Amino acid sequence: MYRILLVEDDLAIRELVEYNLSREGYRVSSVWSGEDAMAVVQLRSFDLVILDRMLPGVDGLLVCRELRSHAATRSVPIIFLTALGEESDEINGLREGADDYLTKPFSPKVLVARVEAALRRKQEGY
């Protein structure tokens, strides 16, 4: 069973994502801030991170950079799930280390498919 960390400050979106991923058999842990995300990854390992860009305190880009800078989390796939949908936002997110970028509003089915694809690529060593 894959473990996913969801970093999202909007409760409704957090519940929607948790529900859909849990229904597919994923174990989801969620936090609402960048600070909490960086703390929890030091305590537990995750197979994938879904990360909002606009978080209270430490923003998602910094969290992404931090995850990429540590050996223990360097290879963990990161999917940005964010309202920042400009082309430049997506490019910045991918350049900072995200493996995928999905904008809000989003389809929960598409998110699940992208999670599956990211985990498949990780398992196959890509």
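Everything below is about the structure shown above.
Conventions adopted
- Residues numbered from 1 in each chain as written.
- Predicted model: local features only at pLDDT ≥ 70, side-chain atom pairs only at ≥ 80, totals over all residues.
- Heavy atoms only, no water.
- Helix = DSSP H or I, 4+ residues; strand = E, 2+ residues; numbered from the N terminus.
- Rg over C-alpha atoms; globule rule 2.2 N^0.38 Å.
- Buried < 20%, exposed > 50% of the residue type's maximum accessible area, 1.4 Å probe, protein only.
- Contact = heavy atoms within 4.5 Å.
- Areas by Shrake-Rupley, 256 points an atom, 1.4 Å probe, with all protein chains shown as cover.
- Lys, Arg positive; Asp, Glu negative; His and termini not counted.
- Charge placed at Lys NZ, Arg CZ, Asp CG, Glu CD.
- Core = buried A, V, L, I, M, F, W, Y, C linked by side-chain atoms within 4.5 Å.
- Pairing = 2+ DSSP bridges.
- Axes fitted to C-alpha atoms, helices over the stretch in contact; angles between N-to-C directions.
- Right-handed = clockwise from strand over helix to strand, strands pointing away.
- Parallel < 35°, antiparallel > 145°, perpendicular 65-115°, else oblique.
- Left-handed = near helix turned anticlockwise from the far one by under 90°.
- Nonpolar A, V, L, I, M, F, W, Y, C, P; charged D, E, K, R; others polar.

Trainee: Looking at this structure, I do not really get the overall build of the protein. What am I missing?
Mentor: When helices and strands are tallied, the protein shows five helices and five strands. Starting at the N terminus and walking to the C terminus, you meet the elements of the protein as β-α-β-α-β-α-β-α-β-α. A globule of 126 residues ought to have a C-alpha radius of gyration of about 14 Å, and the protein, at 13 Å, matches this closely. Taken over 126 residues, the protein has a buried fraction of 45%. Counting only contacts in the protein whose residues sit at least 6 apart along the sequence, the fraction spanning at least 24 positions is 61%. Of the roughly 6800 Å² that the protein leaves accessible, carbon and sulfur atoms contribute 49%. Charged side chains in the protein number 16 positive and 21 negative. The centres of these two groups are separated by 6 Å.

Trainee: Is there a simple way to explain the nonpolar core in this structure?
Mentor: A general tendency of soluble globular proteins is for nonpolar side chains to be buried together. Judged by nonpolar contacts, the single largest core of 20 residues is most densely connected at Leu5, Val7, Val49, Leu51 and Phe80. Counting only elements with at least two residues in this core, the list comes to β1 (3–7), α2 (34–43), β3 (48–51), α3 (60–69) and β4 (78–82). The dominant element in this core, judged by the number of residues it contributes, is α3, at four residues. When sequence neighbours within four positions are dropped, the list of residues in contact with valine 7 reads Val31, Ser33, Gly34, Ala37, Val49, Ile50, Leu51, Asp52 and Leu55. With 17 residues, the next largest nonpolar core counts Ile4, Val17, Phe106 and Ala118 among its residues.

Trainee: Can you help me understand the sheet that holds strand β5 (residues 100–103) in this one?
Mentor: The strands that make up a sheet are held in pairs by hydrogen bonds between backbone atoms, and each pair lies either parallel or antiparallel. Taken together, the five strands give an open sheet; going across it, the order is β2-β1-β3-β4-β5, and neighbouring strands pair in parallel fashion. Two strands lie at the open edges of the sheet, namely β2 (27–31) and β5, each paired on one side alone. Going from strand to strand, the sheet's axes swing by 20 degrees on average, the running direction of each strand aside. Helix α1 (residues 11–23) rests against β1, β2, β3 and β4 of the sheet, and its axis sits at about 165 degrees to β2. Most of the contacts of α3 go to β4, to which it runs at about 175 degrees, and overall it touches β3 and β4.

Trainee: Even after reading the chapter, I still don't get unusual backbone geometry, so can you show me in this structure?
Mentor: Across residues other than glycine, the phi torsion is negative in most instances, and most of the peptide bonds are trans. Backbone torsion omega between lysine 104 and proline 105 reads -5 degrees, so that peptide bond is classified as cis. With respect to the element layout, proline 105 can be found in the loop between β5 and α5 (108–123).

Trainee: Can you walk me through the pairing of β2 in this structure?
Mentor: Taken residue by residue, a regular strand's side chains alternate between the two faces of the sheet. Where β1 and β2 come together, five bridges link them in parallel fashion. For leucine 5, the partnering residue across the bridge sits in β2 and is serine 29. You can see the chain leave β1, run along α1 and come back into β2, and the turn it takes is right-handed.

Trainee: Can you walk me through the side chain of serine 33 in this structure?
Mentor: Within the secondary structure, serine 33 sits in the loop between β2 and α2. Not counting residues within four places of it along the chain, the set of residues in contact with serine 33 comprises Val7, Leu55 and Pro56.

Trainee: Would you take a moment to explain the packing of α1 against α5 for this structure?
Mentor: When two helices pack together, their arrangement is given by the angle between the helix axes and the distance between those axes. Close contact between α1 and α5 brings their axes to 10 Å; oriented N to C, the two are set at 60 degrees. The angle between α1 and α5 falls in the class oblique. Regarding α1 and α5, the two cross each other, and that crossing is right-handed. Contact residues: Leu16, Val17, Asn20 and Leu21 in α1; Pro108, Leu111, Val112 and Val115 in α5. Residue composition of the contact of α1 with α5, grouped by class: seven nonpolar, one polar and no charged.

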